[in-house]
Amino acid sequence: MKAQRVTIHTLRQMKERGEKIAMVTAYDATFGRLFDEAGADVLLVGDSLGMVIQGHDTTLPVTLEEMSYHCRAVVRGVARAHVVGDMPFMSYQASIEQGLTAAGRLIKEGGCHSVKLEGGAQHAPLVEKLVAAGIPVMGHIGLTPQSFHQFGGFKVQGRDAGGRERLLADALALEAAGAYAIVLEAIPADIAHDITAALQIPTIGIGAGVDCDGQVLVCYDMLGMNEEFKPRFVRRFAQLGATIKQATQQYVSEVRASTFPSDAESFAVTEKQAPQTALYSTIGKKP
Ligand code: KIV
């Protein structure tokens, strides 16, 4: 039976029922399929791909074309989860027209189900226009990585005088403009609690405490792919970095020792190939 797609309405109902929302980033079809099969509700094709996929120090160099490419890949692997495409730096800050065009491309070409943009009240007019055009918008406030240079680094937000009121005002402005959910990143847990209580729409926290309506982590952090990187808000649910290195060391040593491939892993001229044997792994399509 076909899985029922998670929509923005499902997410709102989850908040109303007090059910937590599990969101994780994904950047390709295979991870998308695995997270979807594991029951994640929302997959974010985050511009964090600039760092974990492309190896940059910030998310700033990521382009709209690159975001669209990764959105297409993730969407192909996913049957149930709601897929959100991140609007990259300077694809919406210049004007409302620019933001509408960029978001439209992520939906039309990237195939994602909604878009996310960073910033609060200053982007409320754009959020309104996007929603009026039929494009659901997830907001993102607190530590917004596209403002790296403005913040002077990746720092916890909202601890300064007026920080709590500013964050709450931004969240309320996004909700009033029609945003369907808001990411709260790296803010004190009690501020996130108050914002979550004040909003009808769900909040998704990352480094914002347990009282948000849902949580999001960058998948490579959640899976422990980078043994060097362990900020306080990350929990590693696996140690894949170590597992991948160990498996690769084993592969390298078996290739060098000529113990891989075996006869069973090789073809002979005389034997018939079973018709259903797939020679390449494909995503989402069962052989
Ligand atoms: O780009 C990203 O992965 C994000 C999450 C950290 C929320 O914006």
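Let us look at the structure shown here. (Residues numbered from 1 in each chain as written. Predicted model: local features only at pLDDT ≥ 70, side-chain atom pairs only at ≥ 80, totals over all residues. Heavy atoms only, no water.)

**Structural notes on the sheet that holds strand β8 (residues 214–217)**
What links the strands of a sheet is backbone hydrogen bonding, and the strands pair in either a parallel or an antiparallel sense.
Right, on to step 1. Ordered in space as β1-β2-β3-β4-β5-β6-β7-β8, the eight strands form a closed barrel in which the pairing is parallel. Strand-to-strand twist of the sheet, defined as the mean angle between neighbouring strand axes without regard to direction, takes the value 25°.
Right, on to step 2. Relative to strand β7 (residues 203–206), strand β6 (residues 181–185) is paired through four bridges, and the arrangement is parallel. Bridging from a neighbouring strand, Glu185 pairs with Ile206 of β7.
Right, on to step 3. Where helix α4 (residues 64–77) meets the sheet, it contacts β2 (42–45) and β3 (82–86), and its direction lies at approximately 150° from that of β2.
Right, on to step 4. In the packing of helix α5 (residues 96–108) onto the sheet, contacts are made with β3 and β4 (114–116), and the angle to β4 comes to roughly 130°. (Pairing = 2+ DSSP bridges. Helix = DSSP H or I, 4+ residues; strand = E, 2+ residues; numbered from the N terminus. Axes fitted to C-alpha atoms, helices over the stretch in contact; angles between N-to-C directions. Contact = heavy atoms within 4.5 Å.)

**Some remarks on the environment of Gln54**
Right, on to step 1. Counting through the fold element by element, Gln54 comes out in the loop between α3 (49–52) and α4.
Right, on to step 2. Not counting chain neighbours up to four residues away, the residues in contact with Gln54 comprise Leu49, Val62 and Glu66.
Right, on to step 3. Within the structure, Gln54 has its side chain in polar contact with the side chain of Glu66 (distance 3.0 Å). (Polar contact = N/O pair within 3.5 Å; in protein donor to acceptor, adjacent residues only side chain to side chain.)

**A short note on the side chain of His70**
Right, on to step 1. Structurally, His70 can be placed in helix α4.
Right, on to step 2. Take His70: its relative accessible area is 11%, and that puts it in the buried class.
Right, on to step 3. Ignoring anything within four residues of it in the chain, the contact list for His70 reads Tyr27, Val45, Leu49 and Ile53. (Buried < 20%, exposed > 50% of the residue type's maximum accessible area, 1.4 Å probe, protein only.)

**What about the packing of aromatic side chains?**
Right, on to step 1. This structure, assessed with the given rule, holds five aromatic pairs.
Right, on to step 2. Within the aromatic cluster, the residues linked to one another by ring pairs are Tyr27, Phe31, Phe35 and Tyr220. (Phe/Tyr/Trp six-rings, centres within 6.5 Å; stacked < 30°, edge-to-face > 60°.)

**A closer look at the pattern of salt bridges**
Right, on to step 1. For the coordinates displayed, the defined rule picks out 12 salt bridges.
Right, on to step 2. Among the ionic pairs, Glu65 bridges to Arg105, the shortest N-O distance being 3.1 Å. Here the residue Glu65 occupies a position in helix α4, and Arg105 occupies one in helix α5, the gap between them amounting to 40 residues.
Right, on to step 3. Residue class for Glu65 comes out partly exposed when judged on its relative accessible area of 45%.
Right, on to step 4. Classification of Arg105 by relative accessible area gives partly exposed; the value is 27%.
Right, on to step 5. Across the salt bridge formed by Asp190 and Arg164, the nearest N and O atoms sit 2.4 Å from each other. Pair noted here: Asp190 is in helix α9 (residues 189–198) and Arg164 is in helix α8 (residues 163–177), with a separation of 26 residues, a long-range link.
Right, on to step 6. The class of Asp190 is partly exposed, set by a relative accessible area of 41%.
Right, on to step 7. When its relative accessible area of 30% is taken as the criterion, Arg164 is described as partly exposed.
Right, on to step 8. One connected set of salt bridges, linked through shared partners, spans Glu65, Arg105 and Glu109. (Salt bridge = Lys/Arg side-chain N within 4 Å of Asp/Glu carboxyl O.)

**Let's talk about α5**
Right, on to step 1. Here α5 is 13 residues long and its end C-alpha atoms lie 18 Å apart, about the 18 Å a rise of 1.5 Å per residue gives.
Right, on to step 2. Among the residues making up α5, those that are buried are Gly99, Ala102, Ala103, Gly104 and Leu106.
Right, on to step 3. Among the structural elements, α4, β3, β4 and α6 (124–132) are those in contact with the buried residues of α5. (Expected span 1.5 Å × (residues − 1).)

**A word on a nonpolar patch on the surface**
Right, on to step 1. A surface patch of nonpolar side chains, amounting to about 280 Å² of accessible area, comprises Tyr251, Val255 and Phe260.
Right, on to step 2. Looking at where Phe260 falls in the secondary structure, it is placed in the segment after α11 (240–256). (Patch = residues over 30% accessible without salt bridge, like charges linked within 9 Å, V, L, I, M, F, W, Y side chains within 5 Å. Areas by Shrake-Rupley, 256 points an atom, 1.4 Å probe, with all protein chains shown as cover.)

**A few points about the nonpolar core**
Soluble globular proteins tend to bury their nonpolar side chains together.
Right, on to step 1. Grouped together as the largest cluster of nonpolar side chains are 54 residues, with contacts concentrated most on Phe35, Leu43 and Leu184.
Right, on to step 2. If sequence neighbours within four positions are ignored, Phe35 has contacts with Val24, Thr25, Ala26, Ala40, Leu43, Cys219, Met222 and Leu223.
Right, on to step 3. Residues Tyr180, Ala181, Ile204 and Val216 belong to the second largest nonpolar core, which totals 15 residues. (Core = buried A, V, L, I, M, F, W, Y, C linked by side-chain atoms within 4.5 Å.)

**A few points about the layout of surface pockets**
Right, on to step 1. What the second largest pocket holds in volume is close to 440 Å³.
Right, on to step 2. Lining the second largest pocket are 24 residues; nearest its centre among them are Gln122, Gly142, Thr144, Ser147 and Phe151.
Right, on to step 3. Put simply, the parts of the chain that give the lining of the second largest pocket at least two residues each are β5 (137–142), α7 (148–151) and α8.
Right, on to step 4. Of the residues contributing to the lining of the second largest pocket, the split by class is six nonpolar, 14 polar and four charged. (1 Å grid on protein atoms, 1.4 Å probe; cavity = no way out; pocket = protein on both sides within 12 Å on 5 of 7 lines; lining within 4 Å. Points joined across faces, edges and corners; volume = space filled by probe spheres on them. Nonpolar A, V, L, I, M, F, W, Y, C, P; charged D, E, K, R; others polar.)

**Structural notes on the site of the ligand**
Right, on to step 1. In the vicinity of the ligand, the contacting residues are Thr25, Leu44, Gly46, Asp47, Ser48, Asp86, Lys116, His140, Val183, Ile206 and Val218.
Right, on to step 2. Between an oxygen atom of the ligand and a side-chain N or O atom of Asp47, the distance comes to 3.0 Å.
Right, on to step 3. Here Asp86 contributes a side-chain N or O atom positioned 3.2 Å from an oxygen atom of the ligand.
Right, on to step 4. Contact with the protein chains hides 96% of the accessible area of the ligand, taken as 260 Å² for the molecule alone.
Right, on to step 5. Looking at the shell around the ligand, its residues break down into four nonpolar, four polar and three charged. (Near = heavy atom within 4 Å.)

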